Structures are given as C-alpha cells and as structure tokens.
Amino acid sequence: METVNIYLYGKKYSVPADLTILCAMEYAGYTLKRGCGCRHGFCGACATVYRIKGKNELKTCLACQTQVQEGMYIASIPFFPADKRTYEINALRPEQQVMMQLYPEIYACIGCNACTKACTQGLNVMQYIAYAQRGDFAKCAEESFDCVGCGCCVMRCPAGISHPMVGLLARRLTGKYIAPESKHLTERVAEINAGQYDELIEKIMQKPIDEIQELYNNREIEK
Amino acid sequence: MYTEQMNASVRKVEATRDARMGTEPERMSAEQKEQLLAAFHPDYREDAFDTIAIGPNKGQKVPKELGRLLHTNSRLLNEQIDLDRIDCDADVLIIGGGGAGASAAIQAHAAGAQVMMVTKLRIGDANTMMAEGGIQAADQPNDSPVQHYLDAFGGGHFAARPELLRRLVMEAPDAIRWLNDLGVMFDKDAQGNMVTTHGGGTSRKRMHACKDYSGAEIMRTLRDEVLNRGIPVIEFTSAVELLKDENGNAAGAVLLNMETDEYLVARAKTVILATGGAGRLHYQGFPTSNHYGATADGLVLGYRAGVPLLYQDTIQYHPTGVAFPSQIYGALVTEKVRSLGAMLVNCEGEAFMHPLETRDVAAAAIIRECSERGKGVDTPLGSGVWLDTPMIERIGGAGTIERRIPAMLRMYLNYGIDMRTTPILVYPTLHYQNGGLEIDAAGFTKSVGNLLAAGEVVGGIHGRNRLMGNSLLDIIVFGRGAGKAAAERAKEVTVGKLNLDHIHTYAEQLSEAGLAGDGLSPLLLPNYARKAR
Ligand SMILES: Cc1cc2nc3c(=O)[nH]c(=O)nc-3n(C[C@H](O)[C@H](O)[C@H](O)COP(=O)(O)OP(=O)(O)OC[C@H]3O[C@@H](n4cnc5c(N)ncnc54)[C@H](O)[C@@H]3O)c2cc1C
Ligand code: FES
C-alpha cells in the first residue's frame, strides 16, 4: 500500500495515499464530530486549509473531496463566524436597495479576488458579489448556484463579506420574484383545491389489487 | 485515471455508441422483474436478515445491522438523569434538522407554536442536502395526481398505504408551489414552464429539479427560513431517548450534547421525529450515499417507545453509486444522468437493460451483470458497469452536462475524469430506507400519543420501493403536515410528570429474550476511526 505523510494540526501521520483528507483523519484515529456532514461534497461542513510542506501557497478545499498529498499540513475549519442577516422574505422586493440594507459591506469589496481563489467549488465569487452590488440578482443567483456554503471565501475576505449569505439572498429573491410564474403549476393547485381529482383518486384507491396491477403493467409511458 | 483494462473496455463502449444512439432497450415484463429481484436484489438474501425478538414487530424480518441496534439496550439504562430538572421547554420539539424537520418547524411556527429543533450535526447536514435528481409532482397538463399515484403504487410493489400515498400525490403540486414561494429556484424555461424529466418508473415527465443540487437548493432555503423566523436550533445535540408522561404520551426527549457528552432534558407538548435514514449502518457491507449521521436513531427511539415499524426489511440500493475512483466510492450518481439519456452498458459495450427501470430492478440487474454474467469491469474495490455519459452531450447538445448536472461533472473532474467525453463506472450503493415508523395520514405515529414522525424515518408512504423524486416530496408534504398537526395538538396538551419507564420495560423484554447484549443504542455516529473507509 502506497502511503504519504501528512500533518494533522501539525502532527505527522502516515496514511494510505488514495484516501481523501476526511478519511485520512479517521484512518489516523480521529472520531469526527465537527467538520463532517454529508461526506460527498454537498454540505460544506468540511472546509479545510492546507499548505504543502516547502511551498508558500495556502490552499482551501473540502476535506471529503480532496485526496491527500505528501507533505500536506492540514487544519480543518469546522466553523467560521459568517454573518447571516435575518429578514422577512415576503416583505422584500428584488430591488438593489435590499442588498444595501442587508449586506452593505459588499460595497466595501476591494477587488482582491481572494474569495474566488479560495472557492472550493471553483465559482467566480467576486463576480457574483459584483452582480449583487448592481442589484442583478438573477445573475448573482446563477453564478453562485453551486455554492455549498463552506465559508472559505468568508475566511479570506479583507472586507468582511459573508459571500454565501449574499448568494443565498439573491437566489431566494430570484426564485420567488424574478423567475416567471409557472402557470401550469398554479392551475393544477387550483384544480386540486377545487376538488377536481377527489373522485378519481378515491376510485383508484378502491380498486382491487389485480385491477390496479393490470393498469400499472399496461400504462402508457410518455416518450 | 482509468487502468489499461478499463480503457480497453471504454473503447468497446465507444464502438457501440453510434448504433445504440436513438434506440431504447426493451423494458422487462413483470415476471422477468420478479425473477431478477428474487435472484439478485440484496433484500432477498436470507442470511443478511434477522428476526425481531421483542416489541410490536416481533417475529418479523429486519436487516442484521438494524436488528442488532433494536436488540441492544438504551444508553440511558444505567445513567442517573434528573427528569425534574428541565433544561428546555417547547410546545413542539423537532428532532432532526433535515428537510422534514425544517418544513415541520416552519409550519409549526407559522401556526403559532413555540418550536425548538435539535439536530445531531448542523442544521442541513442531512440526506436532504445531498439529493441531486429532483422532486416529483403531477403539474404538467398531460399528467394528474392519479397517474402519479399509479406510478408510485406500482413502483412500490402495491404495498404503499393508500391513505398516505393519496396525501403525497394530492399535495405534491402545492408542495412545489410552497417551495417556489419560499424562493427555491426550480429549473424553468423562459415562459415559466417547469423543466421536467422522467425518473425510473415514472410514466410522465414530472421530475422537477434545481440542476443537480435539488436537495441543496431546497435545504438551504428551508434552513434560511427557519433562521429568519428565529426558531431555536440546537446543533450537535442528539436525541437519545424519548420521554413520556404518566399517560404514556410522548412528552419530550433526553438529549446528548455531542461535544461535551452532557445530557439535557427537553420537555414538549408534542414531538416530531425527523431523523432520516440508516445508510451509515452499511447493510451487507454496502457503501452508502448517505450523510454521516444516518444511523437509524429515530427507528430505535420510536420502536423502544412502542411505535411499530413497517417494511423495515426493504432497503433501497441505488443502482448507480460511484464504483471508481475509490475516493468517492459509494457516492451517488444521480438518476438524472439516465433521465438525460445515458445508458447502462457492460464491459463488452452492450446496453444490458432499459436505463429507466425502477431502482430495485436496475440495482439487481447491475449486480447480475457483475456476478453471474461476468460482464462487469474490475475496479480496486470490486466491480462496476459503465454509465455512458457522453451520450448526454450527443442527445442534448454540447454543454448539457455542465448545465444540468454540474455537481456530477465537478465530482469526477476532481479526479481527472471528464464524464462529457468518457463514460463512468457505477455499482449499487446503499441509499434509502423504504420502511420506518408507522404513521397515520395526519402524521401521528401509531400507538404513542403526541408523537409524530416525518421524512425518511417513516415507512409506508412508498411501499416496498421508492421512486426517485418521491422522497424529497414526502419530506415536504408530510413535514409540513406534521408541523401543523403538532402545533394544533400542542394547544390541547398539558404535560405531566416525565418518565423513562419504557426503556426499563424494554430492557426486561430483552433480557427475557436472552438478548441483553453489550453495546449501546442508538448508534449516533458510525465508527470509522482507524479504518481506511
Ligand atoms: C445522495 C442522496 C441523493 C438523493 N436524491 C434524491 C432525489 O433526487 N430525489 C428524492 O426525492 N430523494 C432523494 N434522496 C432521498 C432524500 O433526499 C431523503 O430521503 C430525504 O431528504 C430525507 O429527509 P429527512 O428530513 O427525512 O432526513 P435527513 O435529511 O437525513 O435529516 C435528518 C436529520 O436528523 C439528524 N438526526 C439523525 N439522528 C438524530 C438524533 N438522534 N438526534 C437529532 N438529530 C438526528 C440528521 O443528522 C439529519 O440532520 C437522496 C438521498 C441521498 C442520500
Ligand atoms: S462533508 Fe459535506 S461537503 Fe464535505
């Protein structure tokens, strides 16, 4: 088995080379409580910083999605005090001033791009903040969509911006107010509320099992 | 990244691709499916199951790993806990911070109740966050709730509880509307029509999605709403046992602070169990797509308190888990990859089945291909079959993968595999608990008063197999319903004196059955320390 040497919080461990950082910590003997959620790259619980021995660059990653390398100095950052503002979504409108009121610090962005470099999902974070500044919420939503909220951008931001929270607000505004209404959905909800399907559903529920099996096995499947 | 041998097989897949394009492999007949399942589905392996020795489901089949937990005593049996010292009080106590718990919290709060949520990890560290493919609802003109009912009922082998399934399909469009109004960004066209696709076993295209971050988009929106409402969320705190009052009704729970090991007493007028699934029990040694905290705690707590289980012996193995590379072994490859046109292909480049059979059938067929038929592709941790992803770009045009399934693309690119140009290797992974606690249509558990359950912890909504997209739906429909019902009930309840008598009764039954073995349950977290995976 090929192994590599890694340093967990500065202490050296030899671990199988094909493990992720997360599994390597467990292999080394850690029982994780913090810093581990979905284990598959969706929840952002496992934000981690590392530096390869002898190299200058500090890197950020998701521990569950990153393979160990020789000489990795690893520290997980299971919590970072990002700043979420609270609001009543029904009282908001998708207007530029919403961001000014809730997240005014985005206008203090100095354009250093550290957020983008830190993004574990490879998103153009600074760009989506720029869209938010302009009140272009649909674009901000689209650009930030794949964010898992690990907070690595927040850690690196000199202006104290909580980027994932900004993206989240933009997405909620987009989903609720900007995206066009789905008329077929509204209509179907109204039909159901008007009781249009009550009888039909009762009927299928009452059918003997062999009849329903027959129906199922011969149902027409949309191409 | 692929080995020599894998690359040789990829060339065979490429060689047959042109001929396969535009064709549709035949679907299996009902008899063919039955035979296949009986021979190859893990649920049919007798040696992987035990018999439940005590309690309401005594004498029934249960996966060994779950059986072991049901046959183990409570963590609290030998603890001295002062039940007169109440650490927190609420009208509605919600256990579990996934999609079902969050929906319940929002609705209970909206109904005026004082709500409290406790969750093992962080709110949103949950299976809900990981759902990729989408959520079903019959809202297209060519579809209806009745058609949805038929698909789900048949897909679940005609075993769903009709009254639960009825609620699922009839409230589905409203659940989508509710999410949309909260700001969930569904995939829509420029006119506002939902972009819907097929899932395995659907007869109409009714899968709504938010790219392949459907669960994440729903979960982060719900979480945001819970926080905006100021609902107290106690993270890194697990429920380890339910509490009852002198009438035998649920009246709270004993909590464990996961970091300080301190026990806390939470009192409530109604309790909602929303603890999700059991993937981390690794039934039959399978890898799992589930989050770290999916250890069947809710089943254990509920069962010990007297709630019967339903279909606890049926497990969903998702046909397409990652088989290679090993770093992401067992992670989910969403069914949407097949909805978008990728075929399942064996090592010889043959499409061995229709890609959109129901999950149990597809999983069994892949296992057959890799075992009896010897047409799997060897990997370091086992074997797998190809999912021919480049077909998606051919069918939908260049850029389809990046636009519709960015999470999948990213996950594989991390390891140098570009699914736009080369196929990927998959094998079934332990995915979903079809069974669980038995509830009525209003969400109350059978036999314990003031106790509700919602989400994956529940059994009976889907029967013995679940269709893709019906679980995200059930957590919203039944989560919302449970929240509302719990808030209503709480208005009529005055809580009496708390007790843990049921864990002692359970201990006596265990010892009578000669089972008071070692270990503690619920499990809370899997034991991975000093293991490679
Ligand atoms: C990878 C993946 C992809 C999926 N894709 C789809 C899909 O495309 N469509 C679909 O419909 N379904 C999908 N599913 C299924 C669906 O996502 C889940 O079944 C559903 O989200 C479960 O929701 P839940 O709220 O019941 O449980 P979860 O979301 O798992 O939430 C349960 C919560 O309870 C917590 N908890 C557990 N035990 C305790 C305890 N003792 N005390 C306190 N808290 C506790 C957990 O940590 C967790 O936070 C997918 C599942 C997975 C894993
Ligand atoms: S544990 Fe969820 S992203 Fe790594």
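Notes on the structure in this doc start here. (Residues numbered from 1 in each chain as written. Chains lettered and ligands numbered in written order. Predicted model: local features only at pLDDT ≥ 70, side-chain atom pairs only at ≥ 80, totals over all residues. Heavy atoms only, no water.)

**Focus: the overall build of chain B**
Item 1. Along the backbone of chain B there are 17 helices and 19 strands.
Item 2. Its C-alpha radius of gyration of 23 Å places chain B within 12% of the 24 Å reference for a compact globule of 533 residues.
Item 3. The 533 residues of chain B split such that 69% are buried.
Item 4. Of the contacts made within chain B by residues no fewer than 6 positions apart, 76% connect residues no fewer than 24 positions apart.
Item 5. For chain B, the exposed area adds up to about 16,600 Å²; of that, 46% sits on carbon and sulfur atoms.
Item 6. One way to put it: in chain B the 54 positive side-chain charges average out to a point 3 Å from where the 64 negative ones average out. (Helix = DSSP H or I, 4+ residues; strand = E, 2+ residues; numbered from the N terminus. Rg over C-alpha atoms; globule rule 2.2 N^0.38 Å. Buried < 20%, exposed > 50% of the residue type's maximum accessible area, 1.4 Å probe, protein only. Contact = heavy atoms within 4.5 Å. Areas by Shrake-Rupley, 256 points an atom, 1.4 Å probe, with all protein chains shown as cover. Lys, Arg positive; Asp, Glu negative; His and termini not counted. Charge placed at Lys NZ, Arg CZ, Asp CG, Glu CD.)

**Some thoughts on the interface of chain B and chain A**
Item 1. The partner chain A presents 69 residues to the 96 residues of chain B that form the contact.
Item 2. Across the chain B to chain A interface the summed buried area is about 7,100 Å²; carbon plus sulfur atoms make up 56%.
Item 3. Between chain B and chain A we count 10 salt bridges in total.
Item 4. Inspection of the region where chain B meets chain A yields 41 residue pairs in polar contact (both at pLDDT 80 or more).
Item 5. Taken together, the elements giving at least two residues each to the side of chain B that touches chain A come down to helix H5 (127-130), helix H6 (145-155), helix H7 (162-170), helix H8 (172-182), helix H9 (214-228) and helix H15 (406-413) of chain B. (Buried area = accessible area lost by both parts, 1.4 Å probe. Salt bridge = Lys/Arg side-chain N within 4 Å of Asp/Glu carboxyl O. Polar contact = N/O pair within 3.5 Å; in protein donor to acceptor, adjacent residues only side chain to side chain.)

**Here we look at the site of ligand 1**
Residue and element names in this part refer to chain B.
Item 1. The full set close to ligand 1 counts 40 residues, and Thr128, Gly134, Glu456, Ser471 and Leu472 are the nearest of them.
Item 2. With respect to ligand 1, the side chain of Thr128 contributes an N or O atom lying 2.5 Å from an oxygen atom.
Item 3. Here Gly133 contributes a backbone N or O atom positioned 2.9 Å from an oxygen atom of ligand 1.
Item 4. Look at ligand 1: alone it shows 1,000 Å² of surface, and the protein chains cover 99% of it.
Item 5. Of all the secondary structure elements, the ones that give two or more residues to the shell around ligand 1 are helix H4 (99-110), H5, strand E8 (237-244), strand E16 (424-433) and helix H16 (470-490).
Item 6. In terms of residues, the shell around ligand 1 owes the most to one element, H16, which gives four residues.
Item 7. In terms of residue class, the shell around ligand 1 is built from 12 nonpolar, 22 polar and six charged. (Near = heavy atom within 4 Å. Nonpolar A, V, L, I, M, F, W, Y, C, P; charged D, E, K, R; others polar.)

**Looking at the environment of B:Tyr415**
Item 1. Positionally, B:Tyr415 belongs in the loop between H15 and E16.
Item 2. Note: C-alpha distance between B:Tyr415 and B:Arg373 (42 residues apart in sequence) is 29 Å.
Item 3. Those residues in contact with B:Tyr415 that lie beyond four places of it in its chain are A:Thr20, A:Gln65, A:Thr66, A:Gln67, B:Met1, B:Pro325, B:Gln327 and B:Ile328.

**Some thoughts on the packing of helix H9 (residues 198-206) of chain A against H7(B)**
Item 1. Relative orientation of the contacting elements H9(A) and H7(B) amounts to 145 degrees, with a least axis distance of 11 Å. The handedness of the crossing between H9(A) and H7(B) comes out as right-handed. Facing A:Asp198, A:Ile201, A:Glu202 and A:Met205 of H9(A), the residues of H7(B) in contact are B:Pro162, B:Glu163, B:Arg166, B:Val169 and B:Met170.
Item 2. Residues that form the contact of H9(A) with H7(B) fall into these classes: five nonpolar, no polar and four charged. (Axes fitted to C-alpha atoms, helices over the stretch in contact; angles between N-to-C directions. Left-handed = near helix turned anticlockwise from the far one by under 90°.)

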